[in-house]
Amino acid sequence: MNKNIVVAIDGYSSCGKSTLAKALAKKLHFIYIDSGAMYRAVTLYFLRNNIDLENDAQVKKALEEIDLNFHSRDYNSHILLNGEDVSDEIRQMHISENVSAVSAIKQVREAMVKQQQKMGKSKNIVMDGRDIGTTVFPHAQIKLFMTADPKVRAERRYKELIAKGEEVTLEEIFENLAHRDYLDTTRKESPLTRAEDAIILDNTELTEAEQLNFALDRVVPFLEPA
Ligand code: DC
């Protein structure tokens, strides 16, 4: 079997990229890497340490101090920031509100992309994010670009956060998603855009099982012996 298959999943915030990526990785026994979690963990470190995003030297030093690792438990990857499991904290609203600004910084992107490329070397992986098919793995065999109706996306994220006990309103979530879409697609450094060879997957009306089958149909041909 081909031993270096990369499935790159990009798309807007809260489109279900990680749900699909995890299910796909589990089914295929591939490694799942959540690149958004890396930007979120960097954001958490910057907030905790009051890093001035305009100060290049401070950003550089902070990036040198950050050590990120994934710890996989049943495909629910946990991210460790300097050894501390921050998987829950990075999903909170104060991180979502700051992550687009942090992920727009050139130095941050360069450091993350380098690490992501290293993680994908000589392995079968599914990685989700915003620039995986365009910048991180432009030669990925399978590229999916996910999208869904903004209202449906907001409702899904709202239910998730409420279930976790966060006090948020649907309007807040809708605004945050719209704002992040705007920042992610208009930033200077590798903005969110569909790679020319990426297949569009609109899951507004799809169940999780249906979207998994859609993706599997695209990946399976690459698994067959040559
Ligand atoms: O997928 P997510 O919502 O957890 O990602 C959090 C933020 O990180 C998102 O608003 C944009 C940024 N991001 C990015 O710029 N590039 C990636 N490859 C992944 C995420």
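Residues numbered from 1 in each chain as written. Predicted model: local features only at pLDDT ≥ 70, side-chain atom pairs only at ≥ 80, totals over all residues. Heavy atoms only, no water.

(A) Up close: the environment of Glu155. Here Glu155 is to be found in helix 8 (residues 150-163). Considered as a pair, Glu155 and Asn203 are 48 residues apart in the sequence and their alpha carbons are 14 Å apart. (Helix = DSSP H or I, 4+ residues; strand = E, 2+ residues; numbered from the N terminus.)

(B) Looking closely at a negative patch on the surface. A cluster of acidic residues, Glu97, Glu171, Glu172 and Glu175, forms a negative patch on the protein surface. Assignment of secondary structure puts Glu97 in the loop between helix 4 (93-96) and helix 5 (99-103). (Patch = residues over 30% accessible without salt bridge, like charges linked within 9 Å, V, L, I, M, F, W, Y side chains within 5 Å. Areas by Shrake-Rupley, 256 points an atom, 1.4 Å probe, with all protein chains shown as cover. Salt bridge = Lys/Arg side-chain N within 4 Å of Asp/Glu carboxyl O. Lys, Arg positive; Asp, Glu negative; His and termini not counted. Charge placed at Lys NZ, Arg CZ, Asp CG, Glu CD.)

(C) Summary view of unusual backbone geometry. Despite not being glycine, Asn82 shows a phi value in the positive range, around 45°. Checked against the element boundaries, Asn82 lands in the loop between strand 4 (76-81) and strand 5 (84-85). Asn82 sits in the partly exposed class, given a relative accessible area of 39%. The backbone phi angle of Ser190 is positive, close to 30°, even though this residue is not glycine. (Buried < 20%, exposed > 50% of the residue type's maximum accessible area, 1.4 Å probe, protein only.)

(D) Structural context of the pairing of strand 1 (residues 6-11). The buried fraction of strand 1 is high, at six of six residues. Looking at chain direction, strand 1 and strand 6 (residues 125-129) are connected through five bridges and run parallel. Along strand 6, the bridge assignment pairs Val6 with Ile125. Sheet topology places strand 1 next to strand 7 (residues 142-147); five bridges connect them, and they run parallel. Bridged to Asp10 within strand 7 is Phe145. (Pairing = 2+ DSSP bridges.)

(E) Seen up close, the site of the ligand. Inspection of the region around the ligand gives 16 residues, with Arg40, Arg109, Arg130, Asp131 and Arg187 positioned closest. Contact distances for the ligand include 2.8 Å between an oxygen atom and a side-chain N or O atom of Arg109. Asp184 is positioned such that a nitrogen or oxygen atom in its side chain is 3.3 Å from an oxygen atom of the ligand. Taken atom by atom, the bulk of the ligand overlaps the largest pocket. When contributions to the shell around the ligand are tallied by element, the ones reaching two or more residues are helix 2 (35-48), helix 5 and helix 9 (170-186). Top contributing element to the shell around the ligand by residue count: helix 2, with four residues. Its residues assigned to classes, the shell around the ligand shows three nonpolar, five polar and eight charged. (Near = heavy atom within 4 Å. Polar contact = N/O pair within 3.5 Å; in protein donor to acceptor, adjacent residues only side chain to side chain. 1 Å grid on protein atoms, 1.4 Å probe; cavity = no way out; pocket = protein on both sides within 12 Å on 5 of 7 lines; lining within 4 Å. Sits in = over half its atoms within 2 Å of the grid points. Nonpolar A, V, L, I, M, F, W, Y, C, P; charged D, E, K, R; others polar.)

(F) Representation of helix 9 in the model. Here helix 9 is 17 residues long and its end C-alpha atoms lie 24 Å apart, about the 24 Å a rise of 1.5 Å per residue gives. What helix 9 keeps buried is the set Ile173, Asn176, Leu177, Arg180, Asp181 and Asp184. Viewed end-on, helix 9 has its buried residues packed into an arc of 135°, placing them on one side of the element. Exposed residues pointing more than 90 degrees away from the buried face of helix 9 are listed as Glu171, Glu175 and Tyr182. Among the structural elements, helix 2, helix 4, helix 5 and helix 8 are those in contact with the buried residues of helix 9. (Expected span 1.5 Å × (residues − 1). Arc of directions from axis to C-beta. Contact = heavy atoms within 4.5 Å.)

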